[in-house]
Protein chains: 2
Amino acid sequence: MADVWADSGLDLHVLLDPRRKVGSLEQALRAAIDDGSLVAGTRLPATRALAADLGIARNSVVEVYERLLGEGRLESRVGSGTWVRERILPQPSPSAVNRSTRFELDLRGGLPDASAFPRSAWLAAMRQALAEASSTALGYGAPEGVASLRTALAEYLARARGVRVHADDVVVTHGFGELLGLVAAAIAARGGRRIAVEAYGHGSHREVLAAAGLEPVPLEVDGDGAMVGRLHDIDVDAVLLTPAHQFPTGVPLSTPRRAALAEWAAKTGGIVIEDDYDGEFRFDGRSIGAFQSLAPDSTVYGGTASKALSPAVGIGWGVVPASLRDGVLAQRRRRGAATDAITQSALAVLIASGGYDRSVRTLRTRYRARRERLEAKLAEGAPDARVLGLAAGIHCLLELPDGVVEAAVVEAGAERGLRFDGLAAYAADPPTASSRPPTMVVGFGAPPDLRFEQAVAAVIGSIDAAR
Amino acid sequence: MADVWADSGLDLHVLLDPRRKVGSLEQALRAAIDDGSLVAGTRLPATRALAADLGIARNSVVEVYERLLGEGRLESRVGSGTWVRERILPQPSPSAVNRSTRFELDLRGGLPDASAFPRSAWLAAMRQALAEASSTALGYGAPEGVASLRTALAEYLARARGVRVHADDVVVTHGFGELLGLVAAAIAARGGRRIAVEAYGHGSHREVLAAAGLEPVPLEVDGDGAMVGRLHDIDVDAVLLTPAHQFPTGVPLSTPRRAALAEWAAKTGGIVIEDDYDGEFRFDGRSIGAFQSLAPDSTVYGGTASKALSPAVGIGWGVVPASLRDGVLAQRRRRGAATDAITQSALAVLIASGGYDRSVRTLRTRYRARRERLEAKLAEGAPDARVLGLAAGIHCLLELPDGVVEAAVVEAGAERGLRFDGLAAYAADPPTASSRPPTMVVGFGAPPDLRFEQAVAAVIGSIDAAR
């Protein structure tokens, strides 16, 4: 038997017996259709081309096709050739599909409005990036990312977030999560063991840190943000913080605490990882610049295109101090992930053209309106629940009325198609989980505009049902 | 001091003293221009808008702008506003740019022809993918990848490579390198310790395996491929192989060895990682199907869009047996990398539309012509050098004439702007590195068509100079 590749039309991989090519072609095609190797809807090569490829008479191929047509395995479409007959395509089974789709409205903290993704601006940026790309730019990329994007990000972050940055300092990653893992692994590789994390935050971040070899140590959070004064006592090598808008409690890190944090870093050589996940989205015009500018040599500033564009872009970035840069890039090589240079080049064009800023402004206006609408509706429908947290970002806290517990609201929400969590679900340890009155984290970014009223009504309904 | 965000036009982050807003605006702008936070070529907000944002008189803003214009920090362009004056943008410094750019012609093994990337087909696929994408598709993606791409890949791999696969089995990754690291980490997590690797191969793959916790153990390679009969003796939990076209020696794994490999996996429960990096690119019409079909429950089949499209797409895939799937996905979550769902959706459209097949066929024709041209030119210009390896892929071996050593050819090549390596550079250990006659690995994929003749002439010149 020899393996033969028909080059005519679609690639077709069939095993042929050179002593009886026609018979084995027929058998191979039948078997491939039956076992799904050739799926329904596949167009077969033209008989003339296939015959030439295989070195057999065209008539023989026609006869093979006709027998399979007769068996119902193929179908002929006038003017467009011969196809494997339509059956059901092998879609991933429902259980394997993202489970969140069984919820109609996702109000978990941190989800942006994906329907706002600027599709035509993205496409235009992609077109320009591809038109300008050299062959080198389409080859294997450098682990630190594409130069044009690093330059565009340096300009943007300095301008919009007050980051002290040169393009050389920027490392582009597959989202903030990858950056976090790389930085943690680099700190662990040079002997670090423990990292402070805010007592409330993303459980997935704590998992990434632990997997990279650092033990997460919770740091209490109050109305002034993380209690960084405790850093001196808990003996950590680094700290992960959300200074602009503590996630999810919603408070900014106070000015005195920023100063204390910079002092801790300077004194101990500790590293601050600043997760600036929604720094652009402050609604009251009083933005808080990045903490990084107070301690650029000790801070890894991290951000993402997930909020201002879409998580589906899959890009994040870090501004990494010189002392950690080689370590972070070494970790990136060890993990083997490829550089998505085409996407990075398109994002560079979008930022340089002002399209990224436009998306930020559009979303800021939209989120501000939603936040106001949410507060107004709640004041009407659940006046004994309290909205907490800065007028910023895409989530807020909702302190529940007396006697209403988080679990009951989560359950009542699920019955109404809502997916959201109580504050305890974001706690780093059991003492934290029981330290505040029952409170929900309400993300108002994700539902499409058209369904926003419905989402708010469902939140109120869930609270009422849980009373 | 209060942080103020000017919302008018570009985001502009400046620190203002509320008691003397105008003076502090002037100071802040001057400092931001001087320290590069506001880079040259940035357009400032219109005076009217900025004044409204800051709550000061428009005339005051005009005066501030005029003073900075007078100082040469700003420039005014008729009809288009006020700009930070052109200086040199902070490009990444040359040392940080991919060092390979100092070579004019890159002939390292495994580099595809990036100039062949089907830009307009990619753009059309991107357009269609964005037009069809639901909001859910633009949200945070599932770690196993986008459903439409998993379905398209399952259909393609079954058809073109004879892989036994259902869409549920497919995991989409950031290139083959990430897949390799994830699979190795999953094997290590369930107690695996050692993995056999071909004695010749990519050093970066061995590094990824070691970083994931598996010790790479070299397995000799001869004219029938890797000597898999030795697997029983060397006590490994898994083996990484290139069965279709051993990299870089260029031989396929023989049929008896395939059978022996399947038997080893069945008997020991060992895992085979099949790196099918260029399986589509066989020039003689005698394709070799994926090994995976002989042992689907024990084999991780891995592939990539890097060769048929471009490394800059940044996508690879694995067909992962059920016993490893949860482990691989758990490792992916622990590493924190985001899903590039937009790119994945575009690739799904490209494959489903036949565009991916077209790119494979175009490149196969091009690479076949190059391989023939290379052999013909070498037969003329260096008749005592021998071309070895299958008529396939994008590289071959070139056994050097008697008395010529690899290092001398590498050096002579560098003087001629060539970047390529001797076979010893791909060896997993010192005994392997000295086991064969001096031989170069010549990648013929990367040089653009227009410069291919020049590249071949430079190879011949380098051999002559090293005699």
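For clarity, every value in this text was computed on a predicted model and none was experimentally measured.

Cut-offs and rules
- Within each chain, residues carry numbers counting from 1 in the order of the written sequence.
- The order in which chains are written sets their letters, starting at A; the order in which ligands are written sets their numbers, starting at 1.
- A pLDDT threshold of at least 70 governs which residues receive local features in this predicted model, and a stricter bar of 80 or more applies before side-chain atom pairs are shown or counted, although totals over entire chains, interfaces and linings include all residues.
- Excluding hydrogens and water, the side-chain figures rest on all heavy atoms present in the structure.
- One speaks of a salt bridge when a side-chain nitrogen belonging to Lys or Arg is within 4 Å of a carboxyl oxygen belonging to Asp or Glu.
- What counts as a helix is a DSSP run of H or I of at least four residues, what counts as a strand is a run of E of at least two, and both are numbered from the N terminus.
- A simple rule labels every residue: compare its accessible area, found with a 1.4 Å probe on the protein chains alone, to the largest value its type can have, and call it buried under 20%, exposed over 50%, or partly exposed in between.
- Under the pairing criterion, centres of Phe, Tyr and Trp rings, with the six-membered ring standing for Trp, must be within 6.5 Å; the plane angle then separates stacked pairs below 30 degrees from edge-to-face pairs above 60, leaving the rest tilted.
- Taking the helix axis as origin, the arc is that swept by the directions to the C-beta atoms.
- Working rule for contacts: check all heavy atoms of both residues, and any pair within 4.5 Å makes them a contact.
- Once two parts are put together, the accessible area they lose, assessed with a 1.4 Å probe and summed over both, is termed the buried area.
- A 3.5 Å cut-off defines polar contacts: any pair of N or O atoms within that distance qualifies, except that in protein one atom must be a possible hydrogen donor and the other a possible acceptor, and neighbouring residues in sequence count only when both atoms are side-chain atoms.
- The score called pLDDT rates the predictor's confidence residue by residue, from a low of 0 to a high of 100.
- Fitting a line to C-alpha atoms yields each axis, with helices limited to the stretch in contact; the angle taken between N-to-C directions then spans 0 to 180 degrees.
- In what follows, roughly perpendicular refers to angles from 65 to 115 degrees, roughly parallel to angles under 35, roughly antiparallel to angles over 145, and oblique to any angle outside these ranges.
- Should the near helix be turned anticlockwise from the far one by less than a right angle, the crossing is termed left-handed; should it be turned clockwise, right-handed.
- Gly counts as polar in this scheme, as do all residues outside two lists: the nonpolar Ala, Val, Leu, Ile, Met, Phe, Trp, Tyr, Cys and Pro, and the charged Asp, Glu, Lys and Arg.

Focus on the pattern of salt bridges
Side chains bearing opposite charge may pair, as long as their charged atoms lie close to each other. In this structure the tally under the stated criterion is 45 salt bridges over all chains. With a closest N to O distance of 3.2 Å, Asp113(A) and Arg370(A) form a salt bridge. A residue pair is termed long-range when its members are at least 10 positions apart, and Asp113(A) in the loop between strand E5 (105–106) and helix H4 (119–132) and Arg370(A) in helix H12 (residues 355–381) qualify at 257 residues. Residue Arg370(A) is classed as buried on the basis of its relative accessible area, which comes to 3%. As a salt-bridge pair, Arg325(B) and Asp169(B) come within 3.0 Å of each other at their nearest N and O atoms. With Arg325(B) in helix H10 (residues 322–335) and Asp169(B) in the loop between helix H5 (147–161) and strand E6 (170–173), this residue pair connects regions lying 156 residues apart in the sequence. The class for Asp169(B) is buried, based on a relative accessible area of 17%. In this structure, a network of salt bridges that share partners links the residues Asp113(A), Arg366(A), Arg370(A) and Asp449(A).

Quick word on the packing of aromatic side chains
For any pair of aromatic rings, the description rests on two quantities: the centre-to-centre distance and the angle between the ring planes. Residues and elements named next belong to chain B. In total, this model carries twelve aromatic pairs over all chains according to the counting rule given. Centroid distance Phe-247 to Tyr-277: 5.5 Å. Interplanar angle 85 degrees. Geometry classified as edge-to-face. Here the residue Phe-247 occupies a position in the loop between strand E11 (238–241) and helix H9 (255–268), and Tyr-277 occupies one in the loop between strand E12 (271–275) and strand E13 (299–304), the gap between them amounting to 30 residues. On the basis of an interplanar angle of 70 degrees and a centroid distance of 6.5 Å, the ring pair of Trp-317 and Tyr-356 is categorised as edge-to-face. You can see Trp-317 sitting in strand E14 (residues 316–319) and its partner Tyr-356 sitting in helix H12 (residues 355–381), a full 39 residues away along the chain. Here Tyr-356 falls in the buried class, since its relative accessible area comes to 0%.

Observations regarding helix H13 (residues 406–415) of chain A
Residues and elements named next belong to chain A. Taken as a whole, H13 has its buried residues at Glu-406, Val-409, Ala-412 and Gly-413. Taken end-on, H13 shows its buried residues confined to a sector of 130 degrees, consistent with a single buried face. Facing away from the buried side of H13 by more than 90 degrees, the exposed set consists of Ala-407, Glu-411 and Glu-415. Buried-residue contacts for H13 involve strand E17 (418–419), strand E18 (421–422), strand E19 (439–443) and helix H15 (452–466). Positive backbone phi, approximately 80 degrees, marks Gly-417, located one or two places after H13.

Some words on the interface of chain A and chain B
In this complex, chain A contributes 97 residues to the contact, which on the side of chain B involves 97 residues. Across the interface of chain A and chain B, roughly 7,800 Å² is buried in total on both sides, 56% from carbon and sulfur atoms. Viewed at the interface, chain B and chain A are joined by zero salt bridges. The tally of links from chain A across to chain B stands at 18 residue pairs in polar contact (both at pLDDT 80 or more).

Looking at the confidence of the model for chain A
Residues and elements named next belong to chain A. With 92% of its residues at a pLDDT of 70 or more, chain A has an overall mean of 89. Low confidence marks residues 1–9, where pLDDT is under 50. Its contacts with residues over four positions away, or in another chain, come to 48 contacts. Long-range and interchain partners of residues 88–101, a stretch whose pLDDT sits below 50, account for 26 contacts in this model, where long-range means more than four residues apart. For this predicted complex, the interface confidence reaches an ipTM of 0.82, while the overall pTM sits at 0.83.

Things to note about the packing of helix H4 (residues 119–132) of chain B against helix H11 (residues 341–352) of chain B
Residues and elements named next belong to chain B. The N-to-C vectors of H4 and H11 enclose an angle of 110 degrees; their axes lie 8 Å apart at closest approach. For the element pair H4 / H11, the angle class is roughly perpendicular. Read as a crossing pair, H4 and H11 show a hand that is right-handed. Packed against H4, whose contacting residues are Ala-121, Trp-122, Ala-125, Met-126, Gln-128, Ala-129, Leu-130 and Glu-132, the element H11 presents Ile-342, Thr-343, Ser-345, Ala-346, Leu-347, Val-349 and Leu-350 at the interface. Taken together, the residues of the contact of H4 with H11 sort by class into eleven nonpolar, three polar and one charged.

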